[in-house]
Every structure is written in structure tokens, then in C-alpha cells.
Amino acid sequence: MESPLRIAIIGQSNFAAEVLELLLEKNYNIVGVFTIPNKGTREDILAATAKQHSIPVFKFASWRRKGEVLPEVLKQYKSVHANLNVLPYCSQFIPMEVIDAANLGSICYHPSILPRHRGASAISWTLIEGDEVAGFSIFWADDGLDTGPLLLQKQCIVEPTDTLDILYKRFLYPEGIKSMAQAVNMVAEGKAPKISQAEVGASYDAAMFKEQNHYIDFKKTAEDIWNFVRGLDSVPGALALVLHEDGSEEKVRFFGAHLYADFPVVGPKSLTLKGLKSPAYIHDRGLLLEGTDGKFVNIRRIKRGSKMINACDWFTKCKQNQISNFSKDELDKRDLLINIWHSILKCPIEAETDFFAAGAGSMDVVRLVEECKDALDMSLDSGQVFMAPVFEEFFCEIIRSLRQESSGVQGRIHYDGFVLQANKREISVPTQLFINGEFMDAEQRKTLDIINPSNEELLCKVACASRSDVDKAVQAAHQSFNGAWRQVSARQRGHLMLKLADLMEEYKEELATIESIDSGAIYTLALKTHVGMSIDAWRYFAGWCDKIQGNTIPVSPGRPNNVLTFTKKEPIGVVGLVTPWNYPLMMLSWKMAACVAAGNTCLIKPAQTCPLTALKFAELTVKAGFPPGVINVVPGTGTEAGQAISDHKLVRKLGFTGSTPIGKIVMRSCADSNLKKCSLELGGKSPLVIFADCDFEKAVKYGVCSVFFNKGENCIAAGRLFVEDRIYDEFVRRVLRDVRSMTIGDPLNRSTAHGPQNHRAHFEKLIEFCRRGIKEGAKLVYGGRPVPNTKGYFFQPTIFADVEDHMFIAREESFGPIMIISKFHGSDVESVMRRANCTEYGLASGVFTRDISKALMFADNIEAGTVFVNVYNKTDVAAPFGGFKQSGFGKDLGQEALNEYLKTKCVTIEY
């Protein structure tokens, strides 16, 4: 070489900036950078990078006028005395006076294998034309359009999953940067070839920056349509026109195309596109387009205006109002947001700029949230960034939030309902189905009568879901599971659950009041247990979200290769939940919190007699920010809505709490439909054994509590008490004294200890249960009948003594405030254990004794899922809960509950 290289970089963009950085790392002398002017206050990253290294920067809007080089521009260029021009990416036309001024020449990067695809849109045309091979060329500039001699070329196979973005990011960008540095090395060493381009196979393609070239030609095969869409993905996006029923046309852009052969599709709805002969079909996985060859292309995402949506959500999202008219103040905020994004991403911000595709990480999300909160004085969390990562979409969400905050309607959801006036409160309660984030009427506006158990009066009418309504809820859950919910990270899932728990805490008095009126629970218990333990469950399982993980397993590989085997814990999919009437909100929370923490979506059918807290809870999920479809609530009858959930083939798991006979039907339906996984928490006849060596006062206290807690409507209630003969009579006397002192009445009264039974059918069942006990010879010590002269389903706390093993009341569950007491002799511990186990149920059990050996022997031998020692009803969200035998299988609560909603996948890799 005659002299060392003096390099001028001409161009713009991140690509050019990285080429500059790499050349500087290799100690090349960069004498000047020539780039485009600022866009407003935004400087191209190439200029910003050059300034960091104190390299002279020149910004020209144009290099020539009317075909002639601008003298002042040429003079400034020549002032740096460059002997090699490097053009990594340049959108401007550079005059030959500049190209030829560098005595070593000018080298340019072009993203195609020249001479094919000359022109400004080479990457797009590589895909549009269906080329099997892509690549780039570095050539010597001449006076033609990408016609100069070749210096080097590199290529790669075009993969079926490639789009314009993917191809650029996986090969053309990273390999192009390295190859530009390689080309400069070759020039420096005097080894750079100049290979003339062949004209055979040369092509000149239309520039795709013109909108008229973005429209899809539907008179093409499916493969041609697929190639066209991916050739414009993600910038600018392939254009199509939707023809609406009113005759209007709407421009939309398509993204995420792939050839489709997975038929039949679920729930297709037609959409008319201009130029497409047959209808397009929206289905659960996207939008289907038929080519002229009868084959199909599926579109996963559609851009409507500035909003990117999943194609499957078209008919849902198109109902939402799009923001188009912005005030001057809002447009000023747009400029402010552009500056914030630019300061983080260090690249030009366009409407379609994707925050994460531009390289943002988790710390950038935090910075964006905090800068926006400071600059706009608004509430914002990271979830909103994840749900709206494209700039224009993010801007619209910010404006929508600001408008809602200023109008005081943030988080508000519209529904039909009624105002419950109780407990010195006015509480708005929804009465419609909750599906896909919206409240709606049931099919044919069918309703259920909700009766207040305290006075037997009609409280309200609630929508009653049909099989069709259940299908809508399942489809919504299925789409969310495969769409928006899948995009929410495990940690973000936990944040949403914690936010929901905080809202439940904020509204706990309202929830407890609804629960008390609707189910008959006394208010103090509803506040502490029904609602309090529900909040605990959501907080507990929120902590598990980002701790669900598999294992690495040592296996024996076939030599000489090695093997890596590991397991993954994955969500099951759509989960159906059917819950009982004794703890409406708590049973919902026990199951749903674990289900959602594991990453599933769900629909729940609450008990038909008391669904109101479930519907109020649904309202809070919207306030918490859960995506539509993650949680759906469908009140209805067990024979129709419950059965529809059991039968539905898209439901992959069913969690059920209820009676053993219904549990058997549910299990059979799960097997017959699609062999769905199920967990069943069924009936109980839990034994409580009280030895004479116990703490007597404590045994009496917990003995009463074990039966009459929640007016006996308690799945783990002690269904039968075995009391040692030495303390038997005194125990019965003390229990009777405590029961007689119970205050029965209005569940909202803070002094009430015993409220009404949940509903009439259960109330009448208790009356019959007591009649049968008396008929068989059990001694009725107290109660056994409704509270006299009282309206409502109030049943007296009841005590039966001297109950023998063969009696109906000794074997069957009452699920009410009925204490069943039997006697045993203290010398025959094994006998009382056999009697305690002589039941088909095995949900819970208890023992009171000071003898630790006796207690441990009981724990070892009792056939029950829960064993209480010197305590009763002591459940905790961290402790697993579930039964044996005909009390069901599977666990609620604790870490074990997560396994009910997860599947284990084993992955083995040989290397």
C-alpha cells in the first residue's frame, strides 16, 4: 500500500454504528463520518457513536441537486482526505465525485447475493421470490445500481420460519458487520479482489417503501402469499383491505404468516378481504387465507391502525374503541415518550418500533416505567410495557390510562347487577356471566333465583350459563392460554396475583358482606376465614409463580456419546373448576390461585345457590389487570353448566369439590370426554377421638368447633366423635352447655355465632337426617329441628349421644350442625382405631391426648388425608389439603397443589 488507510464512513443506523465500533477496535483510522441530519432532536446513532470517539461528523440532507454534486458538500467531504469510503448502510444517493475521490475506492454492503435482487428492498425480495438461499455482497461502488465488482459474498439457507426481521437478525446483520471489517482488512492488505458481476440472473426489484407495493395479491398460490407476507414482516407489514358490512374499507397489516394444514379449525368466523375470492376465516389460532391452489396461509397477528392484536381476537378487539383523535397536549406527550424510548434504545423510534425487538431487557423496562411515571405523573407498571411493546400501541395505552385517570373511570368495568344495601354499605354486585374479560347475559337471558337464606326472600337473579355459554368461556380461556397469557412471564404472573390479593384486601368488607348475605356465613367468620384465607391463598401462590422448575437427571448414556436429561414443569392448559356452596370465595381461591400460578387459564362454575362473591371477584380481576380470557366465571346448574365443563374436549383438567356421588359422575365424564386430569375433594365423615388423658377444656372447645364451625357446612367437620368412657358423660354435659349458649340469628350481627343453612334443600335434608337418627335409637340430647318461630333456614345446633356404629347417622355425612358422639373403652385403643377407619371416607381426622406415643400411633394408622393432634380445623394455605378413599384424591393448598395443575415433560439430548 502507498499509505495507511484513512477511512470515511458514509451511512446511518445501528448497522453502520457497529461497523464503526469494530473498525475502531481493529485500530483503523476513521477520519470522518457522513450521515443524515437529525430528525427533530433525535440524532442518528452513527453520529452519536462517532462523537463518543471524537470523530468529525458531517450531516447532509442531500449530496447533490439536479444531478450535480453540491460543491459545499464535496468540499467538506474532501477536507478529511479519506482514501477509502466504507458504506455499511446508506439510504442516500452518493455522487460519483465522492465515490471516486477516495483513491482506494468505495466499498458497499448489499443484503443479497448479487447480481440477484439489486435495489433498495433486497431482503424482502429474497423472501417474496421464495429463494432457497439468502446472503449479502460487499462490492466496489460504480456508477450503476448495485452493479460494481464484487469483493466478497456470504450466504445462508432460508429457513421456513424466516421473516425479514429474523433473516436480518440471525445472519445478514451479525455476519454483515464482521464481513465489512474483513473486507477492510483485505483492502488494507492489498488482497481485495474485484470480480465483475455477471448479467445472467441479474434482477432489479421494486422498492418496498412505496405503500402501493405493500398490498397482497390474492390471485396467488398459498405459498406465494406466505412468502409475500413474511417478506414484509415486521416492517412495514403486508397490506390488505377488510370490507365491513356497512361497505367501508379498513387497512390492516398482516404478520406471523405460515402455511397451514391443521384442520378442522375451531369456531371459524368469516371475514371479507378485498381481492380474496373466498372468505377469510378467523379461528382460534389466527386468520386463514386461501390461495388459488386451494391451500391455506394462517396469519397470527394483525395491525389495525397502531394496535397490534392476535388475529384470533379480531372480533373481540374490533369492538374496542381505537384512539385516533389526540389533543395537542397528548401529541406533546408522544414526543416526550419518543425521547424516553430513544434515550433507552439508542435508535430511531418509529410507530412500529418494538421495545424488546430493539434489544431492551428487564432493566430497560424498569427504567422506562420509572421515567414515564416521573415525566407524566401517572401510575404505570411493567405489565403494561409487556402487553404493549410496540411504540404506537404503548403511546395509545398511556393516553387511554391518562384519560381514564382524569375522568375517574380507571379499571371500571360495565355490567348489569344490583346494589346490595347491607352492613351499612351500598355494594354494587354483578349478576351476569363473566367471559373473556366482559360481563354478558346468558343465552336466551336465562337466570337463576338467588335466595337470601336468612329470610327466604329473593335477593336477585343471576345469569344461568348454558352449554353454549360454557363453550364461549372455554374458547376464551383457550385463546388466552395460547395468546396473551403465554406472553406474561412467571414473575409478572405473580405480580398480577399480588395486585389481585391487594384489591381483595381493599374490598374485603364488601366481599365478606356479600358472602354473608349470599351463603349465610356469619360476617366475622366470612371476614376472617372466607375472605381472609382467600387473600392468603392468592399471596401464597403468587410467591410460587417463578419457582416452578424441573430437575436435571443423571442417566446412563450410550458410549461414547453423552446425554443430558432434564424435566420441565408446564401448565396443562384450560382448567375447569366446579366449587361448592359452603365456602364460595375460599374454595374458588384455593383452586384458582394454584391453577393460575401454574400458568393455566380457567373457567369456574360457582355453586348455583351463592355465586355472587365469584362475580364480584371477577370484577376485581379486571381492576388487577388480568388479560381477558384468563379467568372466566359461569354461574349455572350442575346438570347443564357443570356437565358441559366436564364434557368439553378443550378442558384438560377439572378441579371439583362436592359430594362423592357427583364426584363419581364427574370422574366418569372426565374419562369419557378426553381423559382429562381431575382432582376431587369429596365428602367426609371425619373421626375425632378424645382420650381421657387429654386437656379436657381444650378438647371441649375444639370438639364444639370441629362440628359447628361455619354452621356445620364444613367438609372436614368432625362427623363422629369417639369419647373415652371415663370422661364421656362430662364431655356431653359440657358440650351441651356450650351449644345452648350459642347466639343464633342474623349473620351480619357481630355477636351471632350460628347463621342460617345455605339453602332449602340442604335444610330439609338435615331435618330428615335427624328424624332417621331418632328412629334408629340414637339419643337426641339437643336440637334436631329448625329454630322455632324464625324465618329463614335456621337449624338448631344438634347433639346425638350413644350413637352406635350400625346407625345411618354414624356412617353418613350430615354436612350440618349435628354432633354425633359415641363411647369407647380406654383399654382398647386398637378397637377405636378400627371403628374410626370403618368408613368409606378419609378426608380429615383428629385426636386429643397428652400421650405422644398414642397420638403418633393414631397418626400412623388413621386413613385420612389430614390429621389434627390436640387441635382441629387448623388449616393453612401452605399445608396440603385433600382426602383418601371416597373423599377423593388430589391436593388443594401447599406446594403439592401446584402439581395438580402442571404436567411434567422430560427432555433428553445426546451430544
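Residues numbered from 1 in each chain as written. Predicted model: local features only at pLDDT ≥ 70, side-chain atom pairs only at ≥ 80, totals over all residues. Heavy atoms only, no water.

An unreviewed UniProt entry annotates the protein as 10-formyltetrahydrofolate dehydrogenase originating from Glossina austeni. For the protein, the Catalytic activity (unreviewed entry) comment in UniProt is given as "(6R)-10-formyltetrahydrofolate + NADP(+) + H2O = (6S)-5,6,7,8-tetrahydrofolate + CO2 + NADPH + H(+)". (UniProt positions renumbered as here; feature names shortened; annotations may be inferred.)

Asker: What is the right way to look at the nonpolar core in this model?
Answerer: Generally speaking, a soluble globular protein has its nonpolar side chains buried in company with each other. Among the nonpolar cores identified, the biggest contains 114 residues, and Met 497, Trp 538, Phe 541, Met 592, Phe 626 and Ile 690 are the most heavily contacted of them. Residue contributions to this core reach at least three from each of two domains, namely domain 4 (417-681) and domain 5 (687-882). The next biggest cluster of nonpolar side chains, apart from the first, holds 41 residues, and it includes Ile 55, Val 86, Val 158 and Ile 177. (Core = buried A, V, L, I, M, F, W, Y, C linked by side-chain atoms within 4.5 Å. Buried < 20%, exposed > 50% of the residue type's maximum accessible area, 1.4 Å probe, protein only. Domains from an automatic or database assignment.)

Asker: Just checking my understanding: could you explain the environment of Ile 282 for this structure?
Answerer: Take Ile 282: it is sitting in strand 13 (residues 280-283). Ile 282 gets classed as buried once you look at its relative accessible area, which sits at 3%. With 122 residues separating them along the chain, Ile 282 and Pro 160 place their C-alpha atoms 23 Å apart. (Helix = DSSP H or I, 4+ residues; strand = E, 2+ residues; numbered from the N terminus.)

Asker: Sorry if this is basic, but what is going on with the layout of surface pockets here?
Answerer: Any space left empty among the atoms is revealed by the rolling of a water-sized probe across them. Roughly 1000 Å³ of internal volume is contained in the second largest pocket. A per-class count over the lining of the second largest pocket returns 16 nonpolar, 17 polar and seven charged. Residues from two domains meet in the lining of the second largest pocket; each of domain 4 (417-681) and domain 5 (687-882) gives at least three. (1 Å grid on protein atoms, 1.4 Å probe; cavity = no way out; pocket = protein on both sides within 12 Å on 5 of 7 lines; lining within 4 Å. Points joined across faces, edges and corners; volume = space filled by probe spheres on them. Nonpolar A, V, L, I, M, F, W, Y, C, P; charged D, E, K, R; others polar.)

Asker: What am I meant to see in the environment of Asn 873 here?
Answerer: One can find Asn 873 in the loop between strand 37 (866-869) and strand 38 (884-885). Residue Asn 873 is classed as buried on the basis of its relative accessible area of 16%. Separated by 434 residues in the primary sequence, Asn 873 and Phe 439 have C-alpha atoms spaced 36 Å apart. Leave out the neighbours within four places in its chain, and Asn 873 touches Cys 705, Ser 706, Phe 709, Asn 714, Ile 716 and Phe 868. In terms of polar contacts, Asn 873 uses its side chain to reach the backbone carbonyl oxygen of Cys 705, at 3.2 Å. Within the structure, the side chain of Asn 873 is placed 3.1 Å from the side chain of Asn 714, a separation counted as a polar contact. (Contact = heavy atoms within 4.5 Å. Polar contact = N/O pair within 3.5 Å; in protein donor to acceptor, adjacent residues only side chain to side chain.)

Asker: Explain the sheet that holds strand 32 (residues 779-782) to me, please; I cannot follow it from the model alone.
Answerer: What links the strands of a sheet is backbone hydrogen bonding, and the strands pair in either a parallel or an antiparallel sense. With mixed pairing, seven strands are arranged side by side in an open sheet as 32-33-34-31-30-36-37. The sheet is open, and its two borders are formed by strand 32 and strand 37, each paired with just one other strand. For this sheet, the mean inter-axis angle between neighbouring strands, taken without regard to orientation, is 20 degrees. Relative to strand 37, strand 36 (residues 844-848) runs parallel, the two being bridged by four bridges. Among the inter-strand pairings, Ala 844 is bridged to a residue of strand 37, identified as Thr 866. Relative to the sheet, helix 26 (residues 852-861) contacts strand 30 (686-690), strand 36 and strand 37, its axis offset from that of strand 36 by approximately 165 degrees. (Pairing = 2+ DSSP bridges. Axes fitted to C-alpha atoms, helices over the stretch in contact; angles between N-to-C directions.)

Asker: I'm lost on helix 17 (residues 584-597) in this one. Help?
Answerer: Along an α-helix, a turn takes 3.6 residues, which lines up residues three or four apart on a common side. If you check helix 17, its first and last C-alpha atoms are 20 Å apart, about what 14 residues at 1.5 Å a residue would give, namely 20 Å. Most of helix 17 sits out of view: 14 of its 14 residues are buried. The first or second residue beyond helix 17 is Gly 599, which carries a positive phi of 100 degrees. (Expected span 1.5 Å × (residues − 1).)

Asker: Explanation requested: the pairing of strand 28 (residues 651-657) in the structure shown.
Answerer: Moving residue by residue along a regular strand, the side chains alternate between the two faces of the sheet. Burial within strand 28 is extensive, with six of its seven residues counted as buried. Sheet topology note: the strand 25 (residues 574-578)/strand 28 ladder contains five bridges and is parallel. Looking at the pairing, Val 575 lines up with Lys 653 of strand 28. Bridge count between strand 28 and strand 29 (residues 677-681): five bridges; the pairing is parallel. Residue Lys 653 lies in a different strand from strand 29, and its bridge partner there is Lys 677. Between the parallel pair strand 28 and strand 29, the chain is carried across by helix 20 (residues 660-674), and the sense of this crossover is right-handed. (Right-handed = clockwise from strand over helix to strand, strands pointing away.)

Asker: Any chance you could explain a negative patch on the surface here in plain terms?
Answerer: A cluster of like negative charges, contributed by Glu 129, Asp 217, Glu 223, Asp 224 and Asp 293, occupies part of the molecular surface. Relative to the assigned elements, Asp 217 resides in the loop between helix 6 (164-188) and helix 7 (222-231). A relative accessible area of 39% places Asp 217 in the partly exposed class. (Patch = residues over 30% accessible without salt bridge, like charges linked within 9 Å, V, L, I, M, F, W, Y side chains within 5 Å. Areas by Shrake-Rupley, 256 points an atom, 1.4 Å probe, with all protein chains shown as cover. Salt bridge = Lys/Arg side-chain N within 4 Å of Asp/Glu carboxyl O. Lys, Arg positive; Asp, Glu negative; His and termini not counted. Charge placed at Lys NZ, Arg CZ, Asp CG, Glu CD.)

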